[in-house]
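Observations on chain architecture
The residues making up each chain are set out below.
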Amino acid sequence: MQLCYWSIDKLPGIKPEEQNLLKAFGINTTKQLLAVASNPQTQQTLATQLKLSNRYISKWVALADLARLPSVGCQYCGLLLHSGIASVLQLSQTSFPRLHRQIVKLHIATMQSKELSPSLEQVKQWIEEAKSISMVTKARF
């Protein structure tokens, strides 16, 4: 499976001025963000350098991590984060029927509709891709 990396301006929830800060620091893609802020210490360092709250950096790293999955991308990474999934590893360990129910509840609560929710099969694909990435990552260490 080919991982996906995106222009930083494709991630949801990053304001244009925040994008400009990241770009001024040489972070133009999600791959660069993940490389620079790969753990809590480096995230804190980046937050300090950008004069931003660490919670913003943590959120952006979580979105970039989830967006690496081809079936998730920038379209669904925010939905997963709002559903309580903050990493590919966490997604790989999640039950797809439970996550699907959670997403449907979220859609009903926020949009009063479940028609826009991803299908159970789509959620299952996200989890299968996450498991695949997690196995590759574990094999490297």
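One can find the structure itself at the top, above this paragraph.
Throughout, a residue's number is its position along its own chain's written sequence, starting from 1. Only residues with pLDDT of at least 70 are given local features in this predicted model, and only at 80 or more are side-chain atom pairs given and counted; all residues enter the totals for whole chains, interfaces and linings. With hydrogens and water excluded, all non-hydrogen atoms of the structure serve as input to the side-chain values.

A word on the overall build of the protein chain
Put simply, the rule reads: We count a stretch as a helix when DSSP gives it H or I for four or more residues in a row; a strand needs E for two or more, and each element gets its number in order from the N terminus. C-alpha atoms define the radius of gyration, and 2.2 Å times the number of residues to the power 0.38 defines the globule rule. Residue contacts follow a heavy-atom distance rule, with two residues in contact if any of their heavy atoms lie within 4.5 Å. His is not counted, nor are the chain ends, whereas Lys and Arg count as positive and Asp and Glu as negative. Each charge is placed at NZ for Lys, CZ for Arg, CG for Asp and CD for Glu.
On a plain count of helices and strands, the protein chain comes out with eight helices and zero strands. Scanning the protein chain from its N terminus toward the C terminus, one meets helices and strands in the order α-α-α-α-α-α-α-α. The C-alpha atoms of the protein chain give 15 Å as radius of gyration, which agrees with the globular expectation for 141 residues (14 Å, within 12%). C-alpha atoms of the protein chain, sized along the principal axes, occupy 40 × 40 × 20 Å. The contacts in the protein chain between residues at least 6 apart in sequence include a share of 50% that link residues at least 24 apart. Seen as two clouds, the 16 positive and the 8 negative side-chain charges of the protein chain have centres 6 Å apart.

Focus: the pattern of salt bridges
The line we're drawing: Basic side-chain nitrogens of Lys or Arg form a salt bridge, by our definition, when they fall within 4 Å of a carboxyl oxygen of Asp or Glu. Only protein chains enter the accessibility calculation, which uses a 1.4 Å probe. A residue is then buried if its area is under 20% of the maximum for its type, exposed if over 50%, and partly exposed in between.
Across all of its chains, the model carries two salt bridges by this definition. For lysine 23, the salt bridge goes to aspartate 9, with nearest N and O atoms at 3.9 Å. Linking lysine 23 in helix 1 (residues 16-24) with aspartate 9 in the segment before helix 1, this pair joins segments that are 14 residues apart in sequence. Since its relative accessible area comes to 31%, lysine 23 is described here as partly exposed. Judged by its relative accessible area of 36%, aspartate 9 falls in the partly exposed class.

Points about helix 4 (residues 54-67)
Inclusion rule: A helix is expected to reach a length of 1.5 Å times the quantity of its residues less one.
When the terminal C-alpha atoms of helix 4 are compared, their 20 Å separation across 14 residues agrees well with the 20 Å that a helix rising 1.5 Å per residue should span. Contacts made by the buried residues of helix 4 are with helix 1, helix 2 (30-36), helix 3 (40-50), helix 5 (73-82) and helix 6 (88-92).

Focus: the state of the cysteines
What makes a disulfide is a covalent bond joining the sulfur atoms belonging to two cysteines. Applicable threshold: In plain terms, two cysteine sulfur atoms within 2.5 Å form what is called a disulfide here.
Tallied over the full model, the rule gives zero disulfides. Not engaged in a disulfide, the cysteine cysteine 4 finds its nearest cysteine sulfur in cysteine 74; these two sulfurs lie 8.9 Å apart. Cysteine 74 forms no disulfide, and the closest cysteine sulfur to it belongs to cysteine 77, at a distance of 5.1 Å.

Side note on unusual backbone geometry
Positioned with a positive phi, lysine 51 is a non-glycine residue whose angle comes to about 60 degrees. Counting through the fold element by element, lysine 51 comes out in the loop between helix 3 and helix 4. Classification of lysine 51 as exposed rests on a relative accessible area of 73%.

Concerning the packing of helix 3 against helix 4
Applied cut-off: Axis lines are fitted to C-alpha atoms, over the contacting stretch for helices. Their N-to-C directions set the angle, which ranges from 0 to 180 degrees. Every angle not falling under 35 degrees, over 145, or within 65 to 115 is termed oblique; those three ranges are roughly parallel, roughly antiparallel and roughly perpendicular. Note: crossing handedness is left-handed where the near helix turns anticlockwise from the far helix by less than a right angle, and right-handed where it turns clockwise.
Taken N-terminus to C-terminus, the directions of helix 3 and helix 4 make an angle of 125 degrees; their axes are 8 Å apart at the nearest point. Judged by the inter-axis angle, helix 3 sits oblique to helix 4. Handedness of the crossing formed by helix 3 with helix 4: right-handed. Where helix 3 approaches helix 4, its residues Gln43, Gln44, Leu46, Ala47 and Leu50 are matched on the opposing element by Asn54, Ile57, Ser58 and Val61.

Some points on the nonpolar core
To be explicit about the condition: Definition used in this section: a nonpolar core is a set of buried Ala, Val, Leu, Ile, Met, Phe, Trp, Tyr and Cys residues joined via side-chain atoms within 4.5 Å.
Judged by nonpolar contacts, the single largest core of 36 residues is most densely connected at Leu11, Leu33, Ile57, Leu80, Leu91, Leu99 and Trp126. At the level of elements, helix 2, helix 3, helix 4, helix 5, helix 6, helix 7 (96-111) and helix 8 (120-140) are the ones that each hand at least two residues to this core. Here the element with the most residues in this core is helix 4; it accounts for seven residues. Beyond its immediate chain neighbours, meaning those up to four positions away, tryptophan 126 contacts Leu69, Ser71, Val72, Tyr76, Leu79, Leu80, Leu91, Ile103 and Pro118.

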